[in-house]
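Letter by letter, the chains look like this.
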Amino acid sequence: MYRRGLGTSSTNIVLAIVFVWRQGIILLIGVPSIVVMQDYIKESDNLVSFHDQIRDCDSILSPMETLLSGFQVEIGSISSDIKVLQEKSMDMSLKLKNRKVAESKLAKFVEDIIVPPRMVDIIVDGEPSSNGGKQLVLLFFIGFLDKVSHFDACVVGLTVLCSMYEFVDPMVKASKALNDVQPELEKLRQKAVSKVFDFIVQKLQALRKPKTNIQILQQNVLLKYKYVISFLKEHSKEVYSEVRGAYIDTMNKVLSAHFRAYIQALEKLQLDIATSNDLIGVETRSTSLFSRGREPLKNRSAVFALGERLNVLKASSLKYPYEVLFRSLHKLLMDTATSEYLFCDEFFGEESIFYEIFAGPFAVIDEHFNSILPNCYDAIGLMLMIQIIYQHQLIMSRRRIPCLDSYLDKVNISLWPRFKMVFDMHLSSLRNANVKLLWEDDIHPHYVMRRYAEFTASLIHLNVEYGDGQLELNMERLRMTIDDLLMKLATMFSKPKLQVVFLINNYDMTIAVLKEAGPEGGRIQLHFEELLKSNTGVFVEELLVEHFSDLIRFVKTRACKYSK
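Quick caveat, the model's predicted, so the values are computed rather than measured.

### Some remarks on the pattern of salt bridges
Phase 1: Under the counting rule described, the total for this entry stands at 14 salt bridges.
Phase 2: For the salt bridge of Lys95 with Asp91, the shortest nitrogen-to-oxygen distance reads 3.3 Å. Of this pair, Lys95 and Asp91 are both found in helix α3 (residues 44–113), 4 residues apart, which corresponds to roughly one turn of the helix.
Phase 3: By relative accessible area, which is 35% here, Asp91 ends up partly exposed.
Phase 4: Linking Arg479 and Glu476 is a salt bridge whose minimum nitrogen-to-oxygen distance equals 2.2 Å. Taken together, the residues span about one helical turn, with Arg479 and Glu476 both in helix α18 (residues 469–491) at a distance of 3 residues.
Phase 5: The buried category is assigned to Arg479, whose relative accessible area is 11%.
Phase 6: According to the relative accessible area criterion, Glu476 is partly exposed, its value standing at 23%.
Phase 7: In this structure, a network of salt bridges that share partners links the residues Arg208, Asp249 and Lys253.

Next comes the structure, spelled out in structure tokens:
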């Protein structure tokens, strides 16, 4: 009923509004007021009814207004609640974001701090010899320690894989949680270090086995575990020092034994070339019943005689000059030192270990060399060894391996004084030579001169690349000495003609030997060529005097008369 009454009043209101609107239009268009008044009187009842309806409408709408006002108040309250909820939502979102950040950091913190049970089981119960056991121990343990120690690990199963772990927040190191875990961590470290030490020592013991190829064992086995050395160096320096000392002691003894055995084998192949009596100025004839004659230094094999060619069927009986053995020994030293130096640098990261390892091998080689050098009177062999050392220095320089620099310099310094001493012995043998014992009634080239020619040609040839000025001065001294001795031998002939022929034959032989050795004769060859030319002129004059003395006398007499 309320709804129906409300609808009727609404209709009356509309009619009233229409009436008023109509009356307003009439007023605007200027209808006379009397007409308006008449219409108003006619509609007075309706107006009264309209007024009552308006009053009824007000009474009906008043509760509505109250209701709507309350609704408006409630809507305002809801709006304020929505604002509060929005603020709470934003606050909760910020807290959630912060908690997620905190959770991620806390998760990483917990991951850094926690000791995984699986890692503990592997470290405590794992067997180093089991497949991957030791690798997993180090993988877990090194990886864990890395997070709190900034340690770079290199492990993946049976291969070596370098991987860089991230640095951890310093807050972790200062946390109480880490302090709680630290004792357990220390126990695990000690356990891992113990197993690592036993494992690596076991690998090093394989180097002591006889007939072991050390280089292959180092490259194919030990280098796989170089991360073990890095682990020990970082987390247990005491154990690292023990492993380092064990390796140095092992390799020192092994290499010393190898070089000692190799030197002993080489000594059986040594061919003695010269003794203290094998000098240029020593005569070859026997001086007593028990003294043996000596042959010239250069001995060519006969074309039709078997001679030493039979040795080809007896390979085990072949012997070699000491410079061949010297080169073989030092080539082995170079290759072994290069391999060991590179291995020590990669495996231990220390170059100083090499010198501690090779203290033994160097001592073995020095002992051998010091026993050989004082008894070496082979000047050519000494010069060859000097050249060998020079070539080996170039090889090591091209390899960029400096580990043998001091040793090769020391050997070179030892060889030069010995060479100078032997050279001076040759020089003294010429100066102090007994001309009467050396002289033979034979105008052919003297064997002393042949020795000199071959000796000089050899030194000139060897000095081409080396270019030692002191050696050239010494050869010039030797040349002056041989000139004096040759002139003394020539004066032993009674006839001047024989003296000149003797000199010509010796000069010619010397020039031929120098040319045969190579085109590097230099000033010495030019000197003998000038002597040959001058003595050839003297010989021609001697022949002319011998066969055409009257004619020469006649020509000289006539020449004097004509000149007057």
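Next, the rest of the story.
### Side note on the packing of aromatic side chains
Phase 1: A complete count under the given rule lists 20 aromatic pairs for this structure.
Phase 2: Ring geometry for Phe354 and Phe358: centres 4.5 Å apart, planes at 25°, overall stacked.
Phase 3: Joined through ring pairs, the aromatic side chains of Tyr341, Phe354, Tyr355, Phe358, Phe362 and Tyr407 make up one cluster.
Phase 4: Positioned above the aromatic ring of Tyr377, the side-chain terminus of Arg418 is 4.9 Å from the ring centre.

### Examining the environment of Asn474
Phase 1: Structurally, the position occupied by Asn474 is in helix α18.
Phase 2: When the C-alpha atoms of Asn474 and Asp424 are compared, they prove to be 8.7 Å apart, with 50 residues separating the residues in sequence.
Phase 3: Among residues more than four places away in sequence, those in contact with Asn474 are Lys420 and Phe423.

Rules of the game
- Residues numbered from 1 in each chain as written.
- Predicted model: local features only at pLDDT ≥ 70, side-chain atom pairs only at ≥ 80, totals over all residues.
- Heavy atoms only, no water.
- Salt bridge = Lys/Arg side-chain N within 4 Å of Asp/Glu carboxyl O.
- Helix = DSSP H or I, 4+ residues; strand = E, 2+ residues; numbered from the N terminus.
- Buried < 20%, exposed > 50% of the residue type's maximum accessible area, 1.4 Å probe, protein only.
- Phe/Tyr/Trp six-rings, centres within 6.5 Å; stacked < 30°, edge-to-face > 60°.
- Lys NZ or Arg CZ within 6 Å of the ring centre and 35° of its normal.
- Contact = heavy atoms within 4.5 Å.

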